[in-house]
Amino acid sequence: MAYQVLARKWRPRNFPEMVGQAHVLRALTNALANNRLHHAYLFTGTRGVGKTTIARILAKSLNCEKGVTAYPCGECTACHEVDEGRFVDLIEVDAASRTKVEDTRDLLDNVQYAPTRGRYKVYLIDEVHMLSAHSFNALLKTLEEPPPHVKFLLATTDPQKLPPTILSRCLQFNLKRLPLEQIIQHLTKIVEEEGISSELPALRLLAQAADGSLRDALSLLDQAIAYGAGSLSEDDVGSMLGSLDQKTVRELIQVLAAKDASGVLQQIALLSAQNPDFVTVLGDILSLLQKIAIAQVVPTAVDTNQPDSEAILQIAQQLSPEEVQLFYQIGLLGRRDLPLAPEQRGGFEMVMLRMLAFRPDTTLEQPPPQTIQQQPPQNRPQTPPSTSAHSPTVTTPTNSQTAPLAQVLSNNDEWGNIVHSLGLPGFVKQLALNCKLKEREGDIWHFTLSSDKKFLLTESRKRKIEEVLQKQYNSPKSIHICVERETETSAVQQQDVQESRQQYVVKAAENDPFIIYMKENCGARMTIK
Ligand SMILES: Nc1ncnc2c1ncn2[C@@H]1O[C@H](COP(=O)(O)OP(=O)(O)OP(=O)(O)O)[C@@H](O)[C@H]1O
Ligand SMILES: [Mg+2]
Ligand SMILES: [Zn+2]
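Reading guide: rules and limits
- Residues numbered from 1 in each chain as written.
- Chains lettered and ligands numbered in written order.
- Predicted model: local features only at pLDDT ≥ 70, side-chain atom pairs only at ≥ 80, totals over all residues.
- Heavy atoms only, no water.
- Core = buried A, V, L, I, M, F, W, Y, C linked by side-chain atoms within 4.5 Å.
- Buried < 20%, exposed > 50% of the residue type's maximum accessible area, 1.4 Å probe, protein only.
- Helix = DSSP H or I, 4+ residues; strand = E, 2+ residues; numbered from the N terminus.
- Phe/Tyr/Trp six-rings, centres within 6.5 Å; stacked < 30°, edge-to-face > 60°.
- Arc of directions from axis to C-beta.
- Contact = heavy atoms within 4.5 Å.
- Near = heavy atom within 4 Å.
- Polar contact = N/O pair within 3.5 Å; in protein donor to acceptor, adjacent residues only side chain to side chain.
- Areas by Shrake-Rupley, 256 points an atom, 1.4 Å probe, with all protein chains shown as cover.
- Nonpolar A, V, L, I, M, F, W, Y, C, P; charged D, E, K, R; others polar.
- Donors = N, O, S within 2.8 Å, 3.2 Å for Na, K, Ca; no water.
- Tetrahedral: all angles 85-135°; square planar, octahedral: opposite > 155°, others 65-115°.
- Axes fitted to C-alpha atoms, helices over the stretch in contact; angles between N-to-C directions.
- Parallel < 35°, antiparallel > 145°, perpendicular 65-115°, else oblique.
- Left-handed = near helix turned anticlockwise from the far one by under 90°.
- Pairing = 2+ DSSP bridges.

### Notes on the nonpolar core
Thinking step 1. The biggest cluster of nonpolar side chains holds 32 residues, and the ones touching the most others in it are Leu252, Val264, Ile285, Ile292, Phe348 and Met352.
Thinking step 2. Looking at this core, the elements with two or more residues in it are α12 (246-257), α13 (261-273), α14 (278-297), α15 (309-318), α16 (321-337) and α17 (344-357).
Thinking step 3. The element that contributes the greatest number of residues to this core is α14, accounting for nine residues.
Thinking step 4. With 31 residues, the next largest nonpolar core counts Cys79, Leu90, Val122 and Leu153 among its residues.

### Quick word on the packing of aromatic side chains
Thinking step 1. Summed over all chains, the structure comprises six aromatic pairs.
Thinking step 2. Consider the rings of Phe43 and Phe173, whose centres lie 6.0 Å apart with planes at 15°: the pair is stacked. Within this pair, whereas Phe43 is found in strand β1 (residues 40-44), its partner Phe173 is found in strand β5 (residues 171-174), the two being separated by 130 residues in sequence.
Thinking step 3. Since its relative accessible area comes to 12%, Phe173 is described here as buried.
Thinking step 4. Each residue in the set Tyr41, Phe43 and Phe173 is aromatic and connected to the rest through ring pairs, giving one cluster.

### Some details on helix α4 (residues 77-84)
Thinking step 1. Within α4, burial applies to Ala78, Cys79, Glu81 and Val82. Buried positions in α4, seen along its axis, are confined to an arc of 165° and lie on one side of it.
Thinking step 2. Buried residues along α4 sit against α3 (51-63) and β2 (90-94).
Thinking step 3. Two residues or fewer after α4 comes Gly85, characterised by a positive phi angle close to 75°.

### Quick look at the site of ligand 1
Thinking step 1. Not every one of the 18 residues close to ligand 1 is listed here, only the nearest: Ala7, Gly48, Lys51, Thr52 and Thr53.
Thinking step 2. Trp10 places a polar main-chain atom, nitrogen or oxygen, 3.5 Å from an oxygen atom of ligand 1.
Thinking step 3. Note that an oxygen atom of ligand 1 is positioned 2.8 Å from one of the backbone N or O atoms of Gly48.
Thinking step 4. For ligand 1, the accessible surface in isolation is 630 Å², of which the surrounding protein chains cover 95%.
Thinking step 5. Put simply, the parts of the chain that give the shell around ligand 1 at least two residues each are α3 and α10 (214-227).
Thinking step 6. Across the shell around ligand 1, the residue classes tally to eight nonpolar, five polar and five charged.

### Some points on the coordination of the zinc ion (ligand 3)
Thinking step 1. Summarising the metal site, the zinc ion (ligand 3) is bound by the protein donors Cys64 (SG), Cys73 (SG), Cys76 (SG) and Cys79 (SG), whose distances to it range over 2.3 Å.
Thinking step 2. Metal-centred angles of 101 to 119° between the four donor atoms at the zinc ion (ligand 3) mark the site as tetrahedral.
Thinking step 3. One chain supplies every donor for the zinc ion (ligand 3), spaced along it as C-x8-C-x2-C-x2-C. In this pair, Cys64 is assigned in the loop between α3 and α4 and Cys76 in the loop between α3 and α4, connecting sequence segments 12 residues apart.
Thinking step 4. A relative accessible area of 8% means that Cys76 is categorised as buried.

### Brief notes about unusual backbone geometry
Thinking step 1. Of note in this structure, Asn35 is not a glycine but carries a positive phi near 50°.
Thinking step 2. With respect to the helices and strands, Asn35 occurs in the loop between α2 (22-33) and β1.
Thinking step 3. According to the relative accessible area criterion, Asn35 is exposed, its value standing at 54%.

### Topic: the packing of α13 against α17
Thinking step 1. Running from amino to carboxyl end, α13 crosses α17 at an angle of 150°, the nearest separation of the two axes being 11 Å. Here α13 is positioned roughly antiparallel relative to α17, judged by the angle of their axes. In this structure, α13 crosses over α17, and the sense of that crossing is right-handed. Together, Ala261, Val264, Leu265, Ile268, Ala269, Leu271 and Ser272 of α13 and Arg345, Phe348, Glu349, Met352, Leu353 and Leu356 of α17 make up the contact between the two elements.
Thinking step 2. Its residues placed into classes, the contact of α13 with α17 shows 10 nonpolar, one polar and two charged.

### Some points on the sheet that holds β2
Thinking step 1. Judged by pairing direction, the sheet is parallel, and its five strands sit side by side in the order β2-β3-β4-β1-β5 without closing on themselves. Edge strands, defined here as strands with exactly one partner in the open sheet, are β2 and β5. Recorded for the sheet is a direction-independent mean angle of 15° between the axes of neighbouring strands.
Thinking step 2. Summarising the sheet, β1 and strand β4 (residues 150-156) pair through five bridges and their orientation is parallel. Residue Tyr41 lies in a different strand from β4, and its bridge partner there is Leu153.
Thinking step 3. Against the sheet, α3 engages β1, β2, β3 (121-126) and β4, with an angle of about 175° to β3.

These figures come from the coordinates and say nothing about function on their own.
See the structure below:
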C-alpha cells in the first residue's frame, strides 16, 4: 500500500480521538445528543488545529446510519464513505479555488434537492474567507434559512475577512492553538504506535517548531523520521530544524548575568561555531528572558519538567526584574535592527555588549543592609559599644536614658539604609522611607513626616514598622510619627539620586554613536521616559 503521510493517517475519525479543543467538542456533543443543531457552523482557528477534521466528524455524526449521534459508529457505509472522502451528501468546497459568484450560484442551485443517500446534505466550505463579495451576497439568503435537510459548515483561518452578515448567521467556534505538552503527548503516542524509537527531547523540539499546529507537528515528524532513517534523536532533529543548542544560549545569559564580558565573547564564539542565524538566536534569548521574568514574579509558574527550568530559576535570582526588562528591550530592538548591521555576528555582539553596558547599577538602588552598630558614628564616644560585629541588635538604652538619635544614627541616610534592610511591604516601606528620624527617647523613637505624605500614615502601617524593628533590632518599643511640613526625607533623596542617574543615562544615550547615527541619517528621535 502506498505510504500515507502521518497527518492524514492520524486524522481523528471521531470526537474522542481529537486532541484538545474540548470546549468545541463539548458543545457539539451536547447539541447532537439533544438534537438541537444549528443550520450553519463556522470553525475558526490557525492552520492545522482541527477545523476540517471536526467538520468531517460532524458530517458523519449527522449521517451515520445508526442515527444522529455524537459517536458515529465508524462501520456503516455512510461513516466509511465520509472517512474515505466519497460520501455524496458531503459536499466539500475549497473556497480558495472557487471564489467567483458563478461557482457559489452553481453550488446553491443544488441546495434545494433532497440528499441522495444520507439524512442531511452537508456543505463544508473551507477557507471561506476567500470568497468574493458577490459570492458572500449570493450565499446570505440560503445561509439564513436553508432547507431543513441542509447544514452548512464553514471553516477559515481568517474570520476577520468575513462580512458581519455571514458571521451573524453562523454559530462560531474558535479552535485554539494546541499547547506544547498536548502536542508532545500526541507525538509520543504516534511514535509508539508506529514503532519508531525516539528521544523525548527530540519530540519536544518538533512540538516547539510546530508552534501550536498539530498538522505541522505531524509533517515535521514525517520529515524527521526520513532524516533520521527511522529513528529520532535530539541531535538529528536539532540539525534538521537548524535549531541551536539551547545550552549555549542559556550559558550566554548566565555569563551576562555574571557581568563577565570576556565570558560573553567566548560564548558568542562558541555559538558562531554552530553557524546560526543570529536573528533566531536573539529570538531564543528573548524567550528565555521572558521565562526568567515570569520566574521572578511567580517562581512556581516555571515548568520543572523543562530541561532549562533550573537555569531559569537560578538566573532569575541573579538578575533584578529591571535588568531582565532592559535586556529584553535591547534584545527586541537588536533583533529588529540586526539586518542593518554590516555582518550578523558583529551586530549580535554589539547587542550583547549593549546589554552589559546599559545594565543598571543595582547597588545604588539596594544598598547593602547595614546594622545600626556596624557604622558607629566616630564623634559620639558615648555610643554603647557593639556586642557582636554580626549581631543585628542594637543595645537598648534604659528607659530613663534619653539620647539624641544622632548617637545611634549619624544621619537620616542611615535610616534609609535600615529601612531597605527591613524588607517592609509596599506602602509600609514608603511610609518608613518618608519618615525622618528625629530623636530617640528611651524606647520611643520620634519621627517626622512631611504633610504632603500624610496619606501614607495609618495605624496599622506604623505598627508594622514597630513590629519589624522590634524583631530585627530589638528596639524601639514604639515609634511616634509626627506630621510636619517640609522634611527632607530619604525618599526625596532617593528621588534625587534617581534623577541624577536619569540625567546620566540621557547624556550617555545622546553621545551613543549608534543613536547619533540613527538621528542624523534616519531621522530618528529619542524619547527617554
Ligand atoms: N485537534 C486535533 N487533534 C488531532 N489531530 C489533529 C488536530 N488538529 C489537527 N490534527 C491533525 O492535523 C491534520 C490536519 O488537521 P485539519 O485538516 O483538521 O486542520 P485545519 O484546522 O483544517 O487546518 P487548515 O487551516 O490548514 O485547513 C489532521 O489530519 C490531524 O492529523
Ligand atoms: Mg482545513
Ligand atoms: Zn455509522
